[in-house]
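Residue strings, one per chain:
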Amino acid sequence: MTSVPNPVDPIFTWRKESDGVVVITIDDPTQDVNTVHSRFVAELSAIVERLQTERDDIAGVVLTSGKSTFVAGGDLHEIVALGPEDAARFTRHLDHLKAQLRALETLGRPVVAAINGSALGGGLELALAAHHRVAVDSPRVQIGLPEVGLGLLPAGGGIVRTVRLLGAKRALDEVLLTGKRFRPAQARALGLVDELVATSDDLLPYAKQWIVGHPDAVQPWDTRGFTLPGGTQTHGALAAELPFLSSTLRARTGGAPAPAERAILAAAVEGAQVDIDAASRIESRYFVEIATAPIAKNRINLTFFDLQQIKGGASRPSGQPTYRASRVGVVGAGMMGAGIAYAAAKVGIEVVLVDTSLEAAEKGRAYSAKVEGRAVARGQRTQADADALLARIAATADLADLRDVDFVIEAVFENAALKADIFSRVEAVVRPDAVLGSNTSTLPITSLAASVGRPEDFVGVHFFSPVDKMALVEIIRGEATSDATLAKAFDLVVQLGKTPIVVNDSRGFFTSRVIIARLNEAVAMVGEGIAPASIEQASLQAGYPAGALQLLDELTLTLPRAVREEARAAAAASGQAWVTHPSHDVFDRLIDDWGRVGRAGGGGFYDYDEQGRRSGFWPGLADAFPRAATTPTLRDLSERLLFAEVLEAWAAHAEGVIEAPADANVGSLLGIGFPAWTGGVLRFLDQYEGGREGFVARAEELAEQYGDRFRPPASLVDSAQPAGLSA
Ligand code: NAD
């Protein structure tokens with residue numbers, strides 16, 4: 001019988017066995033996972049003190065967890081609340097934690113970490129202070145130091161000990177700067193853990209056996225004559241690798257603000273030259289500097305709290321029953337349809353995949369066979385599992401085979417008449433309550449819904465390409481879409497393991513509308529005669545994953561123009577004024593005068609070689625748009641790209657297209673590569689220097705210099721009061 005946790009129960013329990021081994025079990029009664037917070041540190045310190053007092057009667061120590069995970073990282077609520085005024089107090093807290101870990105590894109008795117579940121961040125740091133680490137070889141166990149992904153650095157000795165264990169270069173390249181979560185076998189190959197056992201039950205016997213064999217265990221760094229693997233900065237291989245390391249950092253960050261990455265590099269290299277206690281202090285100081293500044297908070301709020309809010313269903317209509325799809329129909333087995341079918345089959349859903357011919361449908365199904373084949377070859381999947389997945393996808397040319405599905409996702413060509421025709425035929429064969437979803441990227445959902453008799457069951461489910469890699473799905477609510485349908489779409493996306501954001505119907509929905517604002521701005525720069533290399537550099541320096549012109553070439557220049565022309569026609573039809581953008585003329589000239597339509601058409605802003613690789617900027621660009629006499633600063637160029645997107649996102653928010661700021665922030669990160677350091681496209685407003693007022697002032701400045709499109713709207717100016725939009 002399991003006992004109900006009582007919040008006053010201790011986090012650490014002490015059990016001394018007859019062989020003198022003390023088993024310390026970590027089981028925080030106040031949380032589902034163990035995290036390292038103030039009470040944790042206080043209790044750890046009492047445990048360490050007791051170990052020291054009773055040392056003579058102790059044969060060794062085993063650290064393990066009473067939860068299904070070992071220990072997760074630090075308490076993010078605590079970290080996100082830190083301000084500069086907390087610097088001294090938090091430094092003391094860290095130093096105190098590290099003193100306990102140091103006392104543990106210098107206890108004079110063997111200490112084994114028995115890793116029964118994921119050991120990430122603070123959990124791995126605790127384990128690194130043990131003399132030996134044994135982990136259960138289970139796919140649910142992840143081991144690593146993922147802090148960099150939150151804009152933080154490991155500060156419980158993670159940098160100090162991985163550098164001493166693996167050498168600075170390997171620690172940085174493989175663990176600290178990647179933030180990778182390793183499977184047990186990978187962690188063992190790397191040297192983060194020493195041994196693997198098959199089940200949790202094997203941990204304690206193994207640990208005890210190790211203790212018996214190593215009564216005098218000490219850390220390698222506490223042995224006489226210890227030298228760092230790879231040498232120190234002034235001595236050995238690291239000295240030669242330093243320039244390489246800083247260029248790796250540049251390659252990894254593209255010159256974007258990356259204070260955590262820089263601090264990790266500095267703490268590792270500086271710490272490699274001094275003793276472990278001094279290295280620990282260096283690590284703490286860098287951590288406190290980073291954790292009390294805005295970028296880490298932006299990233300934690302975005303990648304943790306906003307995501308938690310979304311997954312918690314904040315944008316899902318309340319009161320609707322939970323839905324689980326069992327059989328999904330996908331119409332159109334092209335690039336998107338094949339990807340969607342695979343995503344569904346992968347989570348156990350039966351899929352009916354339809355195209356115009358059996359051959360085309362089979363081709364879509366073959367995509368799953370290809371991806372699974374690779375997974376089998378890499379040892380990530382058994383052949384039997386891959387076969388079972390494929391057996392869940394039925395390829396067909398007959399829409400009538402959709403009769404038993406409970407959710408349809410249409411992914412045929414982007415053509416309104418074709419889609420309308422498909423839906424009227426689909427509606428005739430599916431169950432009367434089947435959801436009718438479209439993966440359209442540009443067509444208004446409300447008008448597509450007019451082609452069916454039950455528009456309340458119609459919804460947009462906008463996947464991103466490649467479906468397999470992209471975590472976001474934009475759910476579009478048409479005018480008639482019911483709460484029940486929206487909730488089902490939301491639940492399906494979660495069932496697929498993806499992240500849903502909810503958007504009201506509008507031209508370009510949310511993500512396309514925002515990204516096009518950036519791409520248009522980049523194209524306007526081309527028209528001003530700004531060197532394309534500067535535009536690409538400004539993109540990377542802002543923190544985007546790729547240059548805007550490169551992205552446009554991939555997308556094709558004709559697509560944004562077609563979207564623009566549709567918007568122009570819609571504006572004309574509804575009597576609305578049409579505002580031209582300086583990019584329009586540039587697009588038209590590139591496409592109409594020079595036939596530069598992008599990579600698929602043989603070339604766009606770039607030229608391509610026979611293998612389709614970029615071979616340099618198209619030299620004709622400089623003739624078509626003569627170089628400007630002066631070039632704006634890179635800061636101006638980067639901010640024009642960022643501000644164009646932020647202002648568009650604000651407009652969409654103010655118009656009610658996207659209601660939850662968390663949806664906008666996460667959508668911008670996962671869907672269109674908005675830089676994570678900013679905290680997302682709407683948080684950008686408040687984290688800008690001077691807060692929202694600072695943003696408004698800078699937007700006015702950009703408007704004066706580059707055009708009225710940067711003029712902040714009244715709704716934004718009015719909102720620039722002390723209390724901001726998002727935390
Ligand atoms: P695609 O050209 O690769 O595939 C379309 C498929 O639909 C083809 O296999 C075609 O044979 C099939 N098809 C056409 N008419 C059909 C019919 N009457 N019955 C059954 N099948 C039919 O296109 P795609 O890139 O997969 O895009 C599909 C949809 O997804 C479009 O609406 C597109 O706007 C949208 N979308 C595309 C992307 C992207 O990046 N490609 C991203 C998001 C959304």
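Reading guide: rules and limits
Residues numbered from 1 in each chain as written. Predicted model: local features only at pLDDT ≥ 70, side-chain atom pairs only at ≥ 80, totals over all residues. Heavy atoms only, no water. UniProt positions renumbered as here; feature names shortened; annotations may be inferred. Helix = DSSP H or I, 4+ residues; strand = E, 2+ residues; numbered from the N terminus. Buried < 20%, exposed > 50% of the residue type's maximum accessible area, 1.4 Å probe, protein only. Pairing = 2+ DSSP bridges. Axes fitted to C-alpha atoms, helices over the stretch in contact; angles between N-to-C directions. Contact = heavy atoms within 4.5 Å. Near = heavy atom within 4 Å. Polar contact = N/O pair within 3.5 Å; in protein donor to acceptor, adjacent residues only side chain to side chain. Areas by Shrake-Rupley, 256 points an atom, 1.4 Å probe, with all protein chains shown as cover. Right-handed = clockwise from strand over helix to strand, strands pointing away. Phe/Tyr/Trp six-rings, centres within 6.5 Å; stacked < 30°, edge-to-face > 60°. Lys NZ or Arg CZ within 6 Å of the ring centre and 35° of its normal. pLDDT = per-residue confidence, 0-100. Domains from an automatic or database assignment. Buried area = accessible area lost by both parts, 1.4 Å probe. Core = buried A, V, L, I, M, F, W, Y, C linked by side-chain atoms within 4.5 Å. Patch = residues over 30% accessible without salt bridge, like charges linked within 9 Å, V, L, I, M, F, W, Y side chains within 5 Å. Salt bridge = Lys/Arg side-chain N within 4 Å of Asp/Glu carboxyl O. Lys, Arg positive; Asp, Glu negative; His and termini not counted. Charge placed at Lys NZ, Arg CZ, Asp CG, Glu CD. Expected span 1.5 Å × (residues − 1). Arc of directions from axis to C-beta.

By the naming in an unreviewed UniProt entry, the protein chain is 3-hydroxyacyl-CoA dehydrogenase NAD-binding domain-containing protein, taken from Nocardioides daeguensis. Taken from UniProt, the Pathway (unreviewed entry) comment for the protein chain reads in full: "Lipid metabolism; fatty acid beta-oxidation."

**Here we look at the overall build of the protein chain**
Looking only at helices and strands, the protein chain features 29 helices and 19 strands. Considering only C-alpha atoms, the protein chain reaches an extent of 90 × 65 × 55 Å along its principal axes. Counting the 727 residues in the protein chain, one finds 55% classified as buried.

**Some thoughts on the sheet that holds strand β17 (residues 499–504)**
Here we have eight strands laid out as an open sheet, ordered β12-β11-β10-β13-β14-β15-β16-β17, and mixed in their pairing. The outermost strands of the open sheet, each flanked by one partner alone, are β12 (393–396) and β17. Looking at each pair of strands side by side, their axes are set apart by 25° on average, direction ignored. Pairing geometry for strand β16 (residues 472–477) and β17, over six bridges, is parallel. In the strand pairing of β17, L472 is matched with T499. Its contacts with the sheet put helix α18 (residues 483–495) on β10 (327–331), β13 (407–410), β14 (435–438), β15 (458–463), β16 and β17, and the angle it makes with β16 is roughly 175°.

**What to know about the site of the ligand**
Surveying the vicinity of the ligand reveals 21 residues, the closest of which are M336, D355, E414, K419 and S441. Measuring from an oxygen atom of the ligand, one finds a backbone N or O atom of M336 at 2.8 Å. Here an oxygen atom of the ligand and a backbone polar atom of V412 are 3.3 Å apart. Its free accessible area being 830 Å², the ligand has 76% of it covered by the protein chains. Those elements giving two or more residues to the shell around the ligand turn out to be α13 (335–346), α16 (416–429) and β15.

**As for the sheet that holds strand β1 (residues 12–16)**
Pairing is mixed in the open sheet, where six strands are placed in the order β1-β2-β3-β4-β6-β9. Strands with a single pairing partner mark the edges of an open sheet, and in this sheet they are β1 and β9 (195–197). Neighbouring strand axes in the sheet, compared pairwise and without regard to direction, differ in orientation by 20° on average. Summarising the sheet, β1 and strand β2 (residues 21–26) pair through five bridges and their orientation is antiparallel. When the bridges of β2 are listed, K16 appears paired with V22. Docked against the sheet, helix α1 (residues 38–53) engages β1, β2 and β3 (60–65), running at close to 20° with respect to β1.

**As for the pairing of β13**
Two faces, one strand: in a regular strand the side chains alternate between the faces of the sheet. Because side chains alternate across β13, one face comprises the buried residues F407 and I409, and the other comprises V408 and E410, equally buried. Note: β10 against β13, four bridges, orientation parallel. Within β13, the residue paired with V328 across the bridge is F407. By the bridge criterion, four bridges tie β13 to β14 in an arrangement that is parallel. Directly across from F407, in β14, lies its bridge partner V435. On the question of chirality, the crossover connecting β13 to the parallel β14 by way of α16 is right-handed.

**A word on the packing of aromatic side chains**
Considering all chains together, one arrives at 18 aromatic pairs under this definition. Measuring from ring centre to ring centre gives 5.4 Å for F643 and Y688, while their planes differ by 85°; the resulting arrangement is edge-to-face. Of this pair, F643 sits in helix α25 (residues 634–654) while Y688 sits in the loop between α27 (683–687) and α28 (691–706), and the two are 45 residues apart along the sequence. Each member of the pair F643 and Y688 is classed as buried. Each member of the aromatic cluster is reached from another via a ring pair, and the members are Y544, F643, F674, W677, F684, Y688 and F695. Sitting over the face of the ring of Y544, R518 holds its NZ or CZ atom 3.8 Å from the ring centroid. Positioned above the aromatic ring of Y706, the side-chain terminus of R640 is 4.3 Å from the ring centre.

**Observations regarding the confidence of the model for the protein chain**
Averaged over all residues, the pLDDT of the protein chain is 94; the fraction at 70 or higher stands at 97%. Segment residues 723–727 is flagged for pLDDT under 50; beyond a separation of four residues in sequence, or across chains, it makes 13 contacts in the model.

**Structural notes on the domain arrangement of the protein chain**
Domains assigned within the protein chain are domain 1 (2–292), domain 2 (327–506) and domain 3 (512–719). With five residues of domain 1 at the interface, the matching set in domain 3 holds six residues. Buried area between domain 1 and domain 3, summed over both chains or domains, comes out near 320 Å², and the portion from carbon and sulfur atoms is 62%. The largest per-residue losses of area from domain 1 upon contact with domain 3 belong to G254, A256 and P257, which jointly make up 85% of the total buried on that side.

**Description of the UniProt feature "domain: 3-hydroxyacyl-CoA dehydrogenase NAD binding" (unreviewed entry) in the protein chain**
Mapped onto this structure's residue numbering, the UniProt feature "domain: 3-hydroxyacyl-CoA dehydrogenase NAD binding" (unreviewed entry) falls at residues 328–505. Helix makes up 41% of residues 328–505 and strand 22%, with an end-to-end C-alpha separation of 23 Å.

**Regarding unusual backbone geometry**
Glycine aside, residues mostly have negative phi, and peptide bonds are mostly found in the trans state. Across the junction of S465 and P466, the peptide omega takes the value -5°, indicating a cis bond. Here P466 shows up in the loop between β15 and β16. Positioned with a positive phi, F509 is a non-glycine residue whose angle comes to about 50°. Within the secondary structure layout, F509 lies in the loop between β17 and α19 (511–527).

**A short note on the nonpolar core**
Judged by nonpolar contacts, the single largest core of 91 residues is most densely connected at F510, F605 and F695. Per element, the largest residue contribution to this core is ten residues, and it comes from α25. In terms of domain composition, this core takes at least three residues from each of domain 2 (327–506) and domain 3 (512–719). Those residues in contact with F695 that lie beyond four places of it in its chain are F643, V646, L647, F684, L685, Y688, E689 and L716. L51, L94, A113 and L145 belong to the second largest nonpolar core, which has 83 residues in total.

**Observations regarding a positive patch on the surface**
On the surface, K370, R374, R378 and K469 cluster together to form a positively charged patch. Mapped onto the elements of the fold, K469 is located in the loop between β15 and β16. A residue is classified by how much of its surface remains accessible, and K469, at 68% relative accessible area, is exposed.

**Description of helix α22 (residues 558–573)**
An ideal rise of 1.5 Å per residue puts 22 Å on 16 residues; α22 measures up with 22 Å between its terminal C-alpha atoms. Considered for burial, the residues of α22 that qualify are P560, R561, R564, A567 and A571. Taken end-on, α22 shows its buried residues confined to a sector of 120°, consistent with a single buried face. Next to the buried residues of α22 lie α21 (548–555) and α23 (582–593). Downstream of α22 by one or two residues, G575 has phi in the positive range, about 75°.

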